Amino acid sequence: MRIDIVTVFPEYLAPARLSLLGKAITAGTLQLHVHDLRDWATDRHRTIDDTPFGGGPGMVMRPDVWGQALDDILVGLPSDTRIVVPTPAGVPFTQRSVEQYVEVPGVILACGRYEGIDERVWEHFGERFAVDQISIGDYVLAGGEVASLVFLEAVARLLPGVLGNEESALDDSFAKQRTGGALEGPVYTKPRSWRGLDVPTVLVSGDHGKVASWRASESTRRTARNRPDLGSLRPEDQE
Ligand code: SAM
């Protein structure tokens with residue numbers, strides 16, 4: 001999968017080359033291209049923003065600079081490349097969205113700053129490409145770079161071969177296949193006894209059936225407590 005990120009702070013994306021993502025890039029599973037938006041500015045100050053029409057505080061990113069950047073980056077990319085625009089005013093980005101992006105050949109992430117990007121950019125490119133405005137949560141960040149890292153890591157870990165153990169994603173919170181979209185329950189490792197606290201006995205019983213049903217009930221309990229909005233999503237609970 002190819003991911004292009006357009007930003008005024010390319011250095012912000014340095015962590016994308018670490019750990020799991022770094023390995024995916026080295027293996028060629030993920031092709032990451034980070035672009036500095038200022039390379040498309042036309043004046044000697046490399047200006048990329050201006051005051052908002054209608055007045056008000058802050059600055060808005062200019063459509064002409066963004067337009068030229070996207071024109072150039074899109075040359076030669078498949079027509080089903082998606083343009084993803086992180087914004088608090090977007091559609092919530094969830095694990096269901098992540099699963100859909102894993103299927104697409106390429107994504108361009110457009111990182112906003114200040115008051116955001118002139119809306120005409122998305123009207124214009126929306127005529128030829130799918131443009132998705134996504135929000136990573138109900139809070140306001142200073143820029144789209146952190147949201148892009150969130151997108152990148154969530155999508156890349158589901159690409160084939162990226163996780164050491166493909167199975168582990170199936171048990172994760174929100175995974176549809178086994179947990180039906182519920183949260184994962186608590187996990188434990190050695191030592192068996194730590195500061196007077198013991199691992200639940202069922203986990204050391206060796207009885208796989210009992211372990212599975214304990215995990216299922218812990219998952220249901222935690223989901224009801226922490227995320228009642230998710231409801232009872234486990235397939236067996238729905239019957
Ligand atoms: N004026 C905008 C609004 O109120 O909707 C907020 C702009 S914010 C200060 C600057 C940039 O941060 C946005 O263009 C976007 O790229 C990014 N951003 C902020 N919060 C975000 C969120 N919850 N999800 C995704 N991107 C976000």
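See the structure above.
Residues numbered from 1 in each chain as written. Predicted model: local features only at pLDDT ≥ 70, side-chain atom pairs only at ≥ 80, totals over all residues. Heavy atoms only, no water.

### Some words on the overall build of the protein chain
Counting its secondary structure elements, the protein chain contains 8 helices and 9 strands. Overall size of the protein chain, expressed as C-alpha extent along the three principal axes, is 70 × 40 × 40 Å. Looking at the protein chain as a whole, 40% of its 239 residues qualify as buried. Restricting to contacts in the protein chain with at least 6 residues of sequence separation, those with at least 24 account for 71%. (Helix = DSSP H or I, 4+ residues; strand = E, 2+ residues; numbered from the N terminus. Buried < 20%, exposed > 50% of the residue type's maximum accessible area, 1.4 Å probe, protein only. Contact = heavy atoms within 4.5 Å.)

### A short note on the site of the ligand
Lining the immediate surroundings of the ligand are 18 residues, of which Pro86, Ile136, Gly137, Tyr139 and Leu141 lie closest. At 2.9 Å, a backbone N or O of Pro86 approaches an oxygen atom of the ligand. The separation between a nitrogen atom of the ligand and a polar main-chain atom of Tyr139 is 2.8 Å. Across the complex, the protein chains shield 82% of the 580 Å² of accessible surface that the ligand would expose by itself. Among the elements of the structure, strand E5 (82–92) and strand E7 (130–135) are those that each provide at least two residues to the shell around the ligand. For the shell around the ligand, the element with the highest residue contribution is E5, accounting for 3 residues. Across the shell around the ligand, the residue classes tally to 10 nonpolar, 7 polar and 1 charged. (Near = heavy atom within 4 Å. Polar contact = N/O pair within 3.5 Å; in protein donor to acceptor, adjacent residues only side chain to side chain. Areas by Shrake-Rupley, 256 points an atom, 1.4 Å probe, with all protein chains shown as cover. Nonpolar A, V, L, I, M, F, W, Y, C, P; charged D, E, K, R; others polar.)

### A short note on the pattern of salt bridges
One pass over the full model with this rule turns up 11 salt bridges. Among the ionic pairs, Asp4 bridges to Arg2, the shortest N-O distance being 2.7 Å. Between Asp39 and Arg46 there is a salt bridge, with its nearest N and O atoms 2.7 Å apart. A single network of salt bridges, built from pairs that share partners, joins Asp50, Arg62 and Asp64. (Salt bridge = Lys/Arg side-chain N within 4 Å of Asp/Glu carboxyl O.)

### Quick look at the sheet that holds strand E2 (residues 31–36)
Judged by pairing direction, the sheet is parallel, and its 5 strands sit side by side in the order E2-E1-E6-E5-E7 without closing on themselves. With one partner strand each, in any of the chains shown, E2 and E7 form the two edges of the open sheet. Neighbouring strand axes in the sheet, compared pairwise and without regard to direction, differ in orientation by 30° on average. Where strand E1 (residues 2–7) lies against strand E6 (residues 106–110), 5 bridges are found, and the strand directions are parallel. Across the sheet, residue Val6 finds its bridge partner in E6, namely Ala110. Helix H2 (residues 63–74) rests against E1, E2, E5 and E6 of the sheet, and its axis sits at about 165° to E6. (Pairing = 2+ DSSP bridges. Axes fitted to C-alpha atoms, helices over the stretch in contact; angles between N-to-C directions.)

### Here we look at the side chain of Glu145
Structurally, Glu145 is set in helix H5 (residues 145–156). Given the relative accessible area of 0%, Glu145 is considered buried.

### Considering the packing of aromatic side chains
As enumerated under the stated definition, the model contains 5 aromatic pairs in all. Arranged with centres 5.3 Å apart and planes meeting at 25°, the rings of Phe93 and Phe151 form a pair that is stacked. Note that Phe93 is positioned in the loop between E5 and helix H3 (95–101) and Phe151 in helix H5, a separation of 58 residues in sequence. Like Phe93, the residue Phe151 is buried in the burial classification. Joined through ring pairs, the aromatic side chains of Phe93, Tyr101 and Phe151 make up one cluster. (Phe/Tyr/Trp six-rings, centres within 6.5 Å; stacked < 30°, edge-to-face > 60°.)

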